[in-house]
Amino acid sequence: MARVYNFSAGPAALPEGVLSEAADEMLDYRGCGMSVLEMSHRSQDFQSIFDDTESTLRRVLGIPDTYRVLFLQGGATLEFAGIPMNLMRNGRAGYLVTGNFARKAWQEAEKYGQADVLATSEDTDFDRIPDLDGLSVPEGEDYVYICQNNTIYGTMFHDLPETGDVPLVSDVSSCFLSCPMDVSRYGLVYAGAQKNAGPAGVTVVIVRDDLLADGPALTCCPTYLDYRLESEKGSMLNTPNTFGIYLCGKVFRWVEEQGGLAAMGAVNAEKSGMLYDYLDASETFHGTARPGSRSIANVTFRTDSVATDAAFIAGAKERGLVGIKGHRLVGGMRASVYNAVPVEGVAALVSYMREFESGRSS
Ligand SMILES: *Cc1c(COP(=O)(O)O)cnc(C)c1O
């Protein structure tokens, strides 16, 4: 069995132990005589898997009791609509547009109300997080929305905007469980699992109780997206992604066993730091995100030619370093160094960058 180092942005690498445990349990889940894939979501066995998944996540993230946790489907993209439909009580929200997914969320929100762009970095091709010191939140905004880690552009909020009493809503899809996070700073945080927390098809939504109390802000909100109802039904208003939730539970437990979010944050800083250090000294490769805005999860870089990028990507693949082609919107390269990507994988990538660069200059 030859496992590669997988730097894909999502779906992405999963811890090997999680995969082999799931493989061992595939035909007979712990004496049930069936696979989790075959189990009723209403069964006691599945309910225990679900409860254990949620309680592990609550421990790992330190989620306060005043927050509900939902396991939904439809990806982060469906929540671009779910968020305004549930939260736009005054019909207005502020958006910080720091990349493609933030822009999509803003455009979707405009269908349901007034979505104000409070700051953007589009003028410099999203190579940075805008300066937050001067940010002012107009009165009457129902929430302020950010995309905390910009998967395509390799930038990340290292500080959160101050929004006063206005709830902060954050898409943490690509930095979920990457480093410590204070859930109480947010009104709502959500993440598509396939970047760092499990397989595609599960979206984790963590939302403060009081924001749900009156049900969705918009009466046209689809039943499926009614966060209050989903919470009352324990995310089982309809059939959830049972197998996906089971795998997420295993990833959450793996994170806990590794030492939790502090340990994850340290190793992710180390891995991304190895790449940034190399990029800063390199003549051939250039990092594309500005230093103060760099992501610890997605490291974006390029050479000065598309042909050289392509040669590097092809050579990397031959060495078992896969998934480093940049997003089609921006080209270049992107190494996603999520939790399940080991330090040795990053060391192998840096070593190949060095080899490639010296091959070109000799
Ligand atoms: C991948 C990604 C999305 C889109 O997720 P889907 O699950 O495909 O809808 C949204 N936001 C961020 C930050 C992402 O990384």
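Quantities reported herein were computed from a predicted structural model and do not represent experimental measurements. (Residues numbered from 1 in each chain as written. Predicted model: local features only at pLDDT ≥ 70, side-chain atom pairs only at ≥ 80, totals over all residues. Heavy atoms only, no water.)

Draft legend 1. Expanded view of the domain arrangement of the protein chain. Structurally, the protein chain comprises domain 1 (16-257) and domain 2 (260-361). Taking the mean C-alpha position of each, domain 1 and domain 2 sit 27 Å from one another. Taken together, the contact between domain 1 and domain 2 spans 26 residues of the former and 25 residues of the latter. Overall, the association of domain 1 and domain 2 removes approximately 2,100 Å² of surface from exposure, summing both partners, and the carbon and sulfur fraction of that is 57%. When the buried area of domain 1 at its contact with domain 2 is split by residue, Asp 127, Ile 152 and Gly 154 rank highest and sum to 23% of it. Summed over the shared surface of domain 1 and domain 2, the number is one salt bridge. The partner of Arg 290 in a salt bridge is Asp 127, and the shortest N-O contact between them spans 2.9 Å. Scanning the region where domain 1 abuts domain 2 turns up 14 residue pairs in polar contact (both at pLDDT 80 or more). Mapped onto the side of domain 1 that touches domain 2, the elements with two or more residues apiece are α2 (44-61), β7 (155-156) and α7 (242-257). (Domains from an automatic or database assignment. Contact = heavy atoms within 4.5 Å. Buried area = accessible area lost by both parts, 1.4 Å probe. Salt bridge = Lys/Arg side-chain N within 4 Å of Asp/Glu carboxyl O. Polar contact = N/O pair within 3.5 Å; in protein donor to acceptor, adjacent residues only side chain to side chain. Helix = DSSP H or I, 4+ residues; strand = E, 2+ residues; numbered from the N terminus.)

Draft legend 2. Structural view of unusual backbone geometry. Residue Pro 11 follows Gly 10 across a cis peptide bond; omega there is -10°. Following the sequence through the fold, Pro 11 ends up in the loop between β1 (5-6) and α1 (16-24). One non-glycine residue with positive phi stands out, namely Arg 30, at about 45°. Within the element layout of this structure, Arg 30 appears in the loop between α1 and α2. By relative accessible area, which is 53% here, Arg 30 ends up exposed. For Ser 235, which is not a glycine, the phi torsion comes out positive at approximately 60°. Along the chain, Ser 235 turns up in the loop between α6 (227-232) and α7. A residue is classified by how much of its surface remains accessible, and Ser 235, at 3% relative accessible area, is buried. (Buried < 20%, exposed > 50% of the residue type's maximum accessible area, 1.4 Å probe, protein only.)

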